[in-house]
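# Observations on chain architecture
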Amino acid sequence: MKKKFLLISVLLGISLVISACAQSPGVETNEEPEEGAFRVVVSRNGFNNEAQGFHIEVEEDQEVELTFVYGDSDFSQNNPHNIIIPEYGIETGIIDENNPEVTVQFTATGHGEIAFMCSIPDCIGHSNLVSGRIMIDESGHED
Ligand SMILES: [Cu+2]
């Protein structure tokens with residue numbers, strides 16, 4: 001009987017810890033991101049670790065929220081980046097270990113592929129950060 005009580009107490013304790021973790025702010029969850037919202041890790045390995053061909057897909061005229069997250073914290077030195085989307089006149093400003101997250105917002109106007117890249121030519125891994133694309137689907141909303 002005592003053993004059973006102990007087991008229940010332990011299980012209850014574990015579930016309390018789990019629910020506490022799930023509720024604490026800033027903890028990554030697997031929830032579906034808001035439509036039009038994207039998180040892109042920027043590191044010497046590329047955008048989300050893709051050296052080439054990284055892109056996000058949006059609908060024409062969609063409101064887009066793009067969050068760039070510094071991904072070189074595991075590197076031996078600070079490695080500042082500055083992401084620009086020239087077509088929209090957008091610049092994140094320095095993203096580095098002191099300013100690890102920047103969100104930009106824009107309306108996905110225009111056609112085809114909008115380029116984004118790092119504007120700091122001597123950042124480590126720069127060649128992996130020059131070919132980001134925003135692909136705009138012009139077919140409308142006929143899902
Ligand atoms: Cu860079």
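Below: a short report on this structure. (Residues numbered from 1 in each chain as written. Predicted model: local features only at pLDDT ≥ 70, side-chain atom pairs only at ≥ 80, totals over all residues.)

A separate point is unusual backbone geometry. Phi at asparagine 48 is positive, roughly 50 degrees, even though this residue is not glycine. Mapping asparagine 48 onto the fold places it in the loop between β2 (46–47) and β3 (55–59). Phi at asparagine 49 takes a positive value of approximately 65 degrees, unusual for a residue other than glycine. Relative to the elements of secondary structure, asparagine 49 occurs in the loop between β2 and β3. On the basis of neighbour count, asparagine 49 is assigned to the exposed category, with 12 C-beta atoms found within 10 Å. (Helix = DSSP H or I, 4+ residues; strand = E, 2+ residues; numbered from the N terminus. Buried ≥ 20, exposed ≤ 12 C-beta atoms within 10 Å, placed from the backbone.)

On the basis of which strands lie adjacent, the open sheet formed by four strands has the order β2-β1-β4-β7 and mixed pairing. The strands lining the two open edges of the sheet, one partner per strand, are β2 and β7 (101–107). Examined bridge by bridge, strand β4 (residues 63–70) and β7 share seven bridges and lie antiparallel to one another. The residue bridging glutamate 63 from the neighbouring strand is threonine 107, located in β7. (Pairing = 2+ DSSP bridges.)

With respect to the element layout, glutamate 60 can be found in the loop between β3 and β4. Not counting residues within four places of it along the chain, the set of residues in contact with glutamate 60 comprises Ala108, Ile136, Asp137 and Glu138. (Contact = placed C-beta atoms within 7 Å.)

A few words now on the nonpolar core. Ranked by size, the top nonpolar core spans 17 residues in total, and within it Val42, Ile83 and Ile134 carry the most contacts. For this core, the elements supplying multiple residues, two or more each, are β4, β8 (112–118) and β9 (132–137). The residues contacting isoleucine 134, other than those within four sequence positions of it, are His55, Ile56, Val58, Ala108, Ile114 and Phe116. (Core = buried A, V, L, I, M, F, W, Y, C linked by C-beta atoms within 7 Å.)

We now examine the sheet that holds β9. The pairing of strands in a sheet happens through backbone hydrogen bonds and is either parallel or antiparallel. Taken together, five strands build an open sheet; the order of strands is β3-β9-β8-β5-β6 and the sheet is mixed. Each edge of the sheet is formed by a strand with only one pairing partner; in this case those strands are β3 and β6 (90–95). Between one strand axis and the next, the sheet turns through 20 degrees on average, direction left out of account. Looking at chain direction, β8 and β9 are connected through five bridges and run antiparallel. (Axes fitted to C-alpha atoms, helices over the stretch in contact; angles between N-to-C directions.)

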